[in-house]
Amino acid sequence: MAGYEPDILENGLKVIFCGLNPGLSTESSGHSFSTPSNRFWNVLHLAGFTDVRLEPSDERRLLVYGCGLTTAVRRPTRRASEITAAEFRDARAGLEGRICNLAPRAIAFLGKRALAEMLQVNDTTWGRQPLDFGSVPAWVLPNPSGLNRGFSLDALVRAYTTCRLAIEG
């Protein structure tokens, strides 16, 4: 992927947001959550993680706000459904290692599937998870993809705000 860096990370962040995998739009634009219908940047701002609405090209500015980005699986696809359960399971050790080394206050999985597949459970709940991941508190937040219309913008903002308030303590 020319020009695309899947990790925007540094030690001691408040939270690392973990997407399922890069989309083809990410690969072509070189920036995460770059599809115009994706609500990630708007939700982060409305939930109080950032004081301005960042653009995908501003993604490295997330570090200023104590936030980072990574993906569970590195392979870009048109749709996340193209990622197999085995790919998520195989990615677990590497992701846990990155999280342990970086020691953020929390990791927030964007959608249930990655964590459920990595833990080999049928389902996970929304919100704070009963078990840590990579030795830090794990959260599961609704995926802000434009394809995920099961959550309104208000519902997304409520879920992300709850996470932010808990992390900031």
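Above this note sits the structure.
None of these values were measured; they are calculated from a predicted model.

Novice: Tell me what's going on with the pattern of salt bridges, and back it up with residues and numbers.
Specialist: In total, this model carries 10 salt bridges according to the counting rule given. In this structure, R92 engages E96 in a salt bridge whose closest nitrogen and oxygen atoms are separated by 3.3 Å. On the criterion of helical spacing, the pair formed by R92 and E96 is a turn pair, its members being four residues apart in helix 3 (residues 85–102). Between D123 and K112 there is a salt bridge, with its nearest N and O atoms 3.6 Å apart. With D123 in the loop between helix 4 (113–119) and strand 4 (127–128) and K112 in the loop between strand 3 (106–110) and helix 4, the pair connects residues that are 11 residues apart, well separated along the chain.

Novice: For the pairing of strand 2 (residues 67–71), give the residues involved together with the corresponding values.
Specialist: Counting buried positions along strand 2 gives five out of five residues, so the element sits mostly inside the fold. Of the two faces of strand 2, the one carrying C67, L69 and T71 and the one carrying G68 and T70 are both buried. Of the strand pairs in this sheet, strand 1 (residues 15–19) and strand 2 are connected by five bridges, and their pairing is parallel. Following the sheet pairing, F17 is matched in strand 2 by L69.

Novice: Before we move on, can you summarise the sheet that holds strand 4 with the specific residues and values?
Specialist: Strand order in the open sheet made by the five strands is 2-1-3-5-4, with mixed pairing throughout. Looking at strand neighbours, the two that pair on one side only are strand 2 and strand 4, the edges of this open sheet. As judged from the two bridges shared by strand 4 and strand 5 (residues 138–141), these two strands associate in the antiparallel manner. Within the sheet, the bridge partner assigned to R128 lies in strand 5 and is W139. The sheet strands contacting helix 3 are strand 1, strand 2 and strand 3, and the helix crosses strand 2 at an angle near 165°. Against the sheet, helix 5 (residues 153–168) makes contact with strand 1, strand 3 and strand 5, and its axis sits at roughly 165° relative to strand 5, the strand it touches most.

The rules behind the values
Residues numbered from 1 in each chain as written. Predicted model: local features only at pLDDT ≥ 70, side-chain atom pairs only at ≥ 80, totals over all residues. Heavy atoms only, no water. Salt bridge = Lys/Arg side-chain N within 4 Å of Asp/Glu carboxyl O. Helix = DSSP H or I, 4+ residues; strand = E, 2+ residues; numbered from the N terminus. Buried < 20%, exposed > 50% of the residue type's maximum accessible area, 1.4 Å probe, protein only. Pairing = 2+ DSSP bridges. Contact = heavy atoms within 4.5 Å. Axes fitted to C-alpha atoms, helices over the stretch in contact; angles between N-to-C directions.

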